[in-house]
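Observations on chain architecture
In case you want the letters, here they are:
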Amino acid sequence: MIKQRKTGKFIFLNIITLGIYGLFFWTKWTNDLNKICDGDDKESGHYILVFLLDIFSFGIYAFVWNYQMVERMYQKAKDYNITLKHGGMFVMIWRILPIVSSVYKIKYFNKLAAAYNATVEAAPAVEAPVEETVEAAE
């Protein structure tokens, strides 16, 4: 079960901790997004790597990463029969105001997480096979 994120909590804690909470938030978010989008062959790396690449690219990599993550959610939404209003380009443009970009990413993630959780809960439980032991006759 994937936990939905609260946008207000993210913004508040990110401001109070001067961005440190954001590193933990996006790391967990990325890991959960990889679970939701399992099977699309677009595994996202660890967010700390994204953070470092963003520093070394003078902020350009954040635009690329935002585009890739939202476009990935946009494509996967079709598998869950949900519609997301905007694709990666829209959110990438809003990266100019990071809070707006984050709000959209969290909103879209929550829609996918709800659909994923419903799918997981609806799937029948698979029982592990029971191994029979054969006692040796003396």
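Before any of the text, the structure's been laid out above.
This one's a predicted model, so the numbers in the text were calculated from it and none came from an experiment.

Turning our eyes to something else, we now look at the packing of helix 4 (residues 60-77) against helix 6 (residues 98-122). Their axes nearest at 10 Å, the elements helix 4 and helix 6 cross at an angle of 25°. Classified by the angle their axes make, helix 4 and helix 6 are roughly parallel. Pair helix 4 / helix 6 crosses with left-handed handedness. Contacts between helix 4 and helix 6 involve Trp-65, Asn-66, Val-70, Met-73, Lys-76 and Ala-77 from the former and Ser-101, Lys-105, Tyr-108, Phe-109 and Leu-112 from the latter. Of the residues that constitute the contact of helix 4 with helix 6, the class distribution is seven nonpolar, two polar and two charged.

The residue Leu-18 is not glycine, and still its phi comes out positive at about 55°. Along the chain, the position of Leu-18 falls in the loop between helix 1 (7-16) and helix 2 (20-36). You can call Leu-18 exposed: its relative accessible area is 77%.

Within the largest apolar cluster, 25 residues are counted, with the highest numbers of intra-cluster contacts made by Trp-26, Trp-29, Leu-33, Ile-36, Trp-65, Met-73 and Phe-109. For this core, the elements supplying multiple residues, two or more each, are helix 2, helix 3 (47-56), helix 4 and helix 6. Top element by residues in this core is helix 6. It accounts for seven residues. The contacts of Leu-33, once residues within four sequence positions are left out, are Met-69, Arg-72, Met-73 and Phe-109.

The terminal C-alpha atoms of helix 2, which comprises 17 residues, lie 25 Å apart, in line with the 24 Å expected from a rise of 1.5 Å per residue. Along helix 2, the positions that sit buried rather than exposed are Gly-22, Phe-25, Trp-26, Thr-27, Trp-29, Thr-30, Asp-32, Leu-33, Asn-34 and Ile-36. Tucked inside the fold, the buried residues of helix 2 contact helix 1, helix 3, helix 4 and helix 6.

About the criteria used
- Along each chain, numbering runs from 1 in the same order as the chain's sequence is written.
- Residues qualify for local features only when their pLDDT is at least 70, as the model is predicted, and side-chain atom pairs are given and counted only at 80 or more; totals for whole chains, interfaces and linings, by contrast, use all residues.
- With hydrogens and water excluded, all non-hydrogen atoms of the structure serve as input to the side-chain values.
- A fitted line through C-alpha atoms serves as each axis, taken over the contacting stretch for helices, and the angle formed by two N-to-C directions is quoted from 0 to 180°.
- Secondary structure elements follow DSSP: runs of H or I of four or more residues count as helices, runs of E of two or more count as strands, with numbering from the N terminus.
- For classification purposes, angles smaller than 35 degrees are called roughly parallel, those larger than 145 roughly antiparallel, those between 65 and 115 roughly perpendicular, and all remaining angles oblique.
- Note on convention: near helix rotated counterclockwise from far helix by under a right angle means a left-handed crossing. Clockwise means right-handed.
- The contact criterion used throughout is that any non-hydrogen atoms of two residues lie within 4.5 Å.
- Charged residues are taken to be Asp, Glu, Lys and Arg, nonpolar residues to be Ala, Val, Leu, Ile, Met, Phe, Trp, Tyr, Cys and Pro, and polar residues to be all remaining types, Gly included.
- Summary of the burial criterion: residues with accessible area below 20% of their type's maximum are buried, those above 50% are exposed, and those between are partly exposed, where the area comes from a 1.4 Å probe applied to protein chains only.
- What is meant by a nonpolar core is a set of buried Ala, Val, Leu, Ile, Met, Phe, Trp, Tyr and Cys residues, joined one to another through side-chain atoms within 4.5 Å.
- To estimate the expected span of a helix, subtract one from its residue number and multiply by 1.5 Å.

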